[in-house]
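Observations on the model geometry
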Amino acid sequence: MKITRIETFLVPPRWLFCRVETDDGLVGWGEPVVEGRAEVVRSAVDVLSEHLLGQDPLRVQDHWQVLTKGGFYRGGPVLSSAVAGLDQALWDIAGQVYGAPVYALLGGPVRDTVRVYAWVGGDEPAGLREQITAQVEAGFTAVKMNAAGATSPLSTPAETAAVVARVAAAREVLGPDRDVAVDFHGRFTAATARRVLTELAPLHPLFVEEPVVPEQSHLLPGLVAAGPVPLATGERLYSRAEFLPVLNAGVAVAQPDLSHAGGISEVHRIASLAETYGALLAPHCPLGPIALAASLQIAFATPNFLIQEQSRGIHYNKDADLLSYVVDPEPFRFVAGHAVRGDLPGLGITVDEIAVRAADRAGHAWRNPVWRHADGSFAEW
C-alpha cells in the first residue's frame, strides 16, 4: 500500500484539513493548523508531503521521525502543526487497515467516557451567568473562561477585582460540584498573575491556564510556589523537549494541542512524560472535528487524562461549527458532559468531503486581533 495523494482544505471558520489517500482507496484525515497562520501551514504540508508520497502509510513512527528530523532546521509551530495533521491522517489510515480505533492501537482504552468542558464569555468575558447556566442545563460539569481582556502590566485594584468577581459569579452558578477553569491567555505579567492567583485561590478553580506567555516559562516555579491554584500550560509548546522544563517547574496540567504538538504520536509521548511528574493531561482543542477526534483517541488511552476542551459554540465559530464537516454527529454527542467511547476504526469519524471541498472554495483568512493598551502600546491577546 502506498500514499498516492495529499490534499489540504482551508475551511471556515479558521481551520485547515488535510486528506491523505492511498493506492487502494483508503483515506485518512488530519487537521494541521496554526490559528491565524493556516495558509503558511498549508505550504508546510505541501513541502513535507514530498517525504510521504509513494511511501507505506503504516510506517507511522518512521514517518514522524523523518518529518520532524529530516530537515536541518526543526520544530516551531508551523512545522510541528504540519506534522501533526499528517500524523493524525496516518493514524486514521492505520486504524482503518487494522479495523480498530486509534486508542486500541495505543494500547487499549483506560476509560469509557471522557469529561469535556464548554467555553463561556468570549475574548473579553461578559454575560457569564446566562452562558454558564445554559451549559449546566446542557449537562456540562465544567466550563472555561478567559480571566480578562487586555490587562495593565501591573493590574489595578479594579482590574484584579473584576477578574475575581467574574470567577466568583461563575462559582456561584456552578456550585461546589462543578468546575471552572480560568485562562490567563498569557495576558498577565508574572507579577500580576501572582497577585490574581492569590485572590482566586478561595474560589477553587480547576486550573489556571497560561499564567504567563510560554517564553517566560522560566518564571513558572515562582508562580507554582506562590499558592495552591493548579497551573496549566502547553498550547504553545510543540514537543517533549519543550514540555520538560514546565513539568520540572511543577505545573499540574499539561495542555498539548493535537494539531500543534506533533500529532497523536508526540502527544502520546508527552502524556507519558507528564505522568512521571504526576501531572495531568488536558489537551488544548478550540479547533475542528478532526482535531477533537484525535484528542479523544488520546484521552481514551491515557491514564493521567483530566478533561478535554472542545469547540462547540465557542466564540470563534462564526461561519461553521464543530459538526459542520462530519457526516454523523454521534461521536461528538456529549452525555452528562462526557464523550462516550465508540468503536469505529481510525479516528472514529466520517468527514463530509463534499462539504469540505465546497468550503475550501470559499476559504478563509482568519487572523487573531491585535490589542493595544490605552497608551497605544501593544497588549497581549
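What you are looking at is a predicted structure, and each value in this text was computed from that prediction instead of being measured.

Further remarks concern the pairing of strand β4 (residues 113–120). Of all eight residues that make up β4, seven are buried, and the element is covered over most of its length. Examined bridge by bridge, β4 and strand β13 (residues 338–340) share three bridges and lie antiparallel to one another. Its bridge partner lying in β13, T113 is registered against V340. The sheet contact formed by β4 and strand β11 (residues 308–309) spans two bridges and is parallel. Residue pairing across strands places Y117 opposite E309, the latter belonging to β11. One ladder, built from three bridges, connects β4 with strand β5 (residues 142–146); its direction is parallel. Its bridge partner lying in β5, W119 is registered against K144.

The grouping of V97, Y98 and L105 at the surface amounts to a nonpolar patch, some 260 Å² of accessible area in total. Residue placement: Y98 occurs in helix α3 (residues 76–98). Y98 gets classed as exposed once you look at its relative accessible area, which sits at 51%.

With that settled, consider the sheet that holds strand β3 (residues 27–30). Pairing is antiparallel across the open sheet formed by three strands, whose spatial order is β1-β2-β3. Each having just a single partner strand, β1 (3–11) and β3 make up the two edges of the open sheet. The average angle at which neighbouring strand axes cross in this sheet is 20°, direction not considered. Strand direction decides the pairing type here: β1 and strand β2 (residues 15–22), joined by eight bridges, are antiparallel. Of the residues in β2, the one forming a bridge with T8 is C18.

Here the focus is unusual backbone geometry. At the junction of P12 and P13, the peptide bond is cis and its omega measures out at 5° in the coordinates. Among the secondary structure elements, P13 is positioned in the loop between β1 and β2. With a phi close to 60°, H185 is a non-glycine residue in the positive phi region. Mapping H185 onto the fold places it in the loop between β6 (179–183) and α7 (190–200). A relative accessible area of 10% places H185 in the buried class.

What counts and what doesn't
- Residues numbered from 1 in each chain as written.
- Predicted model: local features only at pLDDT ≥ 70, side-chain atom pairs only at ≥ 80, totals over all residues.
- Heavy atoms only, no water.
- Buried < 20%, exposed > 50% of the residue type's maximum accessible area, 1.4 Å probe, protein only.
- Helix = DSSP H or I, 4+ residues; strand = E, 2+ residues; numbered from the N terminus.
- Pairing = 2+ DSSP bridges.
- Patch = residues over 30% accessible without salt bridge, like charges linked within 9 Å, V, L, I, M, F, W, Y side chains within 5 Å.
- Areas by Shrake-Rupley, 256 points an atom, 1.4 Å probe, with all protein chains shown as cover.
- Salt bridge = Lys/Arg side-chain N within 4 Å of Asp/Glu carboxyl O.
- Axes fitted to C-alpha atoms, helices over the stretch in contact; angles between N-to-C directions.

It is worth stressing that arrangement in space is one thing and function is another; only the former is reported here.
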